[in-house]
Amino acid sequence: MVILEKTPTQLKLRHRPYFIWQLSGCLVFSVPLLIVLVSLVLPWIVYMLGLYALFAFNLVAGILLLVCAGRIFIYHFDKETNSLLIKRRGLFKTQVTLYPLSDIFQVQLKSTSWNQAQTSNYQIAIIFKSGKQLSIKSEGKTLQQKLEIVNLIRRFLDMSPQKLAD
């Protein structure tokens, strides 16, 4: 998660799924290249293991992964228009969602497991007054980095910072 803009009235954050992009690139380029090299060295193995089917499967899986999960998220908090604008930009289309800032009840780290220990996985959640929860994408971040993002948003919204229980 990168801070694109931070002013007293604007806060703009961006999340790019680098891991998904690397994984899909590996599926599309590296695995088929490995299959071609193996088939050149051992041509009989192509028929025994059906490597052409594996080649096609990796190509399709990599492209589907890139299209479905490789979206860029931009979170734009704007005090002037009292809005939270979320852009989900994919390969083919951009989806825009708008929420009023006044409807935000809480921004916090929430554990995604039953175990509340430091080793459990946490996600950044925006909780609205209606009870609806919205999770902010922040894969690959440490607990401390996620807490810093939560507190950045909380300070922008004039909320007290969150502290983790020991």
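This text goes with the structure placed above it.
Residues numbered from 1 in each chain as written. Predicted model: local features only at pLDDT ≥ 70, side-chain atom pairs only at ≥ 80, totals over all residues. Heavy atoms only, no water.

## Observations concerning helix H1 (residues 18-41)
Right, on to step 1. Taking 1.5 Å of rise per residue, the 24 residues of H1 would be expected to cover 34 Å, and the 33 Å separating its terminal C-alpha atoms lies within 8% of that figure.
Right, on to step 2. Of all the residues in H1, the buried ones are Ile-20, Ser-24, Leu-27, Val-28, Pro-32, Ile-35 and Ser-39. (Helix = DSSP H or I, 4+ residues; strand = E, 2+ residues; numbered from the N terminus. Expected span 1.5 Å × (residues − 1). Buried < 20%, exposed > 50% of the residue type's maximum accessible area, 1.4 Å probe, protein only.)

## With respect to the side chain of Arg-154
Right, on to step 1. Checked against the element boundaries, Arg-154 lands in helix H4 (residues 143-156).
Right, on to step 2. Although Arg-154 lies buried, it forms no salt bridge, and the closest oppositely charged side chain, Asp-158, sits 11 Å away as judged by the N-O distance.
Right, on to step 3. With residues near it in sequence (within four places) discarded, Arg-154 still touches Gln-106, Val-107, Met-159, Ser-160, Pro-161 and Gln-162. (Lys, Arg positive; Asp, Glu negative; His and termini not counted. Salt bridge = Lys/Arg side-chain N within 4 Å of Asp/Glu carboxyl O. Contact = heavy atoms within 4.5 Å.)

## Here we look at the packing of H1 against helix H3 (residues 51-69)
Right, on to step 1. Taken N-terminus to C-terminus, the directions of H1 and H3 make an angle of 165°; their axes are 8 Å apart at the nearest point. Put simply, H1 runs roughly antiparallel to H3. Considering only the axes of H1 and H3, their crossing is left-handed. Facing H1, whose interface residues are Ile-20, Trp-21, Leu-23, Ser-24, Leu-27, Val-28, Val-31, Pro-32, Ile-35, Val-36 and Val-38, H3 presents Leu-51, Leu-54, Phe-55, Asn-58, Leu-59, Ala-61, Gly-62, Ile-63, Leu-65, Leu-66 and Ala-69.
Right, on to step 2. For the contact of H1 with H3, the residue count by class is 19 nonpolar, 3 polar and no charged. (Axes fitted to C-alpha atoms, helices over the stretch in contact; angles between N-to-C directions. Parallel < 35°, antiparallel > 145°, perpendicular 65-115°, else oblique. Left-handed = near helix turned anticlockwise from the far one by under 90°. Nonpolar A, V, L, I, M, F, W, Y, C, P; charged D, E, K, R; others polar.)

## Quick look at the packing of aromatic side chains
Right, on to step 1. Counted according to the given criterion, the structure contains 3 aromatic pairs.
Right, on to step 2. The ring of Phe-156 has Lys-79 sitting right over it, with the charged end atom 4.7 Å from the ring centre. (Phe/Tyr/Trp six-rings, centres within 6.5 Å; stacked < 30°, edge-to-face > 60°. Lys NZ or Arg CZ within 6 Å of the ring centre and 35° of its normal.)

## Concerning the environment of Ile-136
Right, on to step 1. Turning to its location among the elements, Ile-136 is positioned in strand S8 (residues 133-136).
Right, on to step 2. Residues Ile-136 and Val-2, spaced 134 residues apart in sequence, show a C-alpha to C-alpha distance of 13 Å.
Right, on to step 3. Residues within four places of Ile-136 in sequence aside, it is in contact with Met-1, Tyr-75, Ile-124, Ile-126 and Ile-153.

## Comments concerning the sheet that holds strand S7 (residues 122-128)
Right, on to step 1. Judged by pairing direction, the sheet is antiparallel, and its 3 strands sit side by side in the order S6-S7-S8 without closing on themselves. With partners counted over all chains shown, the strands left at the sheet margins are strand S6 (104-111) and S8, one partner each. Strand-to-strand twist across the sheet, computed as the mean angle between neighbouring axes with direction ignored, equals 30°.
Right, on to step 2. Of the strand pairs in this sheet, S6 and S7 are connected by 7 bridges, and their pairing is antiparallel. Bridged to Leu-109 within S7 is Ile-124. (Pairing = 2+ DSSP bridges.)

## Some thoughts on H3
Right, on to step 1. Relative to the 27 Å expected for 19 residues at 1.5 Å per residue, H3 spans 26 Å between its end C-alpha atoms, a close match to the ideal helical length.
Right, on to step 2. When we look at burial in H3, the residues that qualify are Leu-51, Asn-58 and Gly-62. Projected onto a plane normal to the axis of H3, the buried residues spread over an arc of 30° and lie on a single side. For H3, the exposed residues set more than 90 degrees away from the buried face come down to Tyr-52, Ala-53, Phe-57 and Cys-68. (Arc of directions from axis to C-beta.)

Any link to function would need more than the numbers given here.
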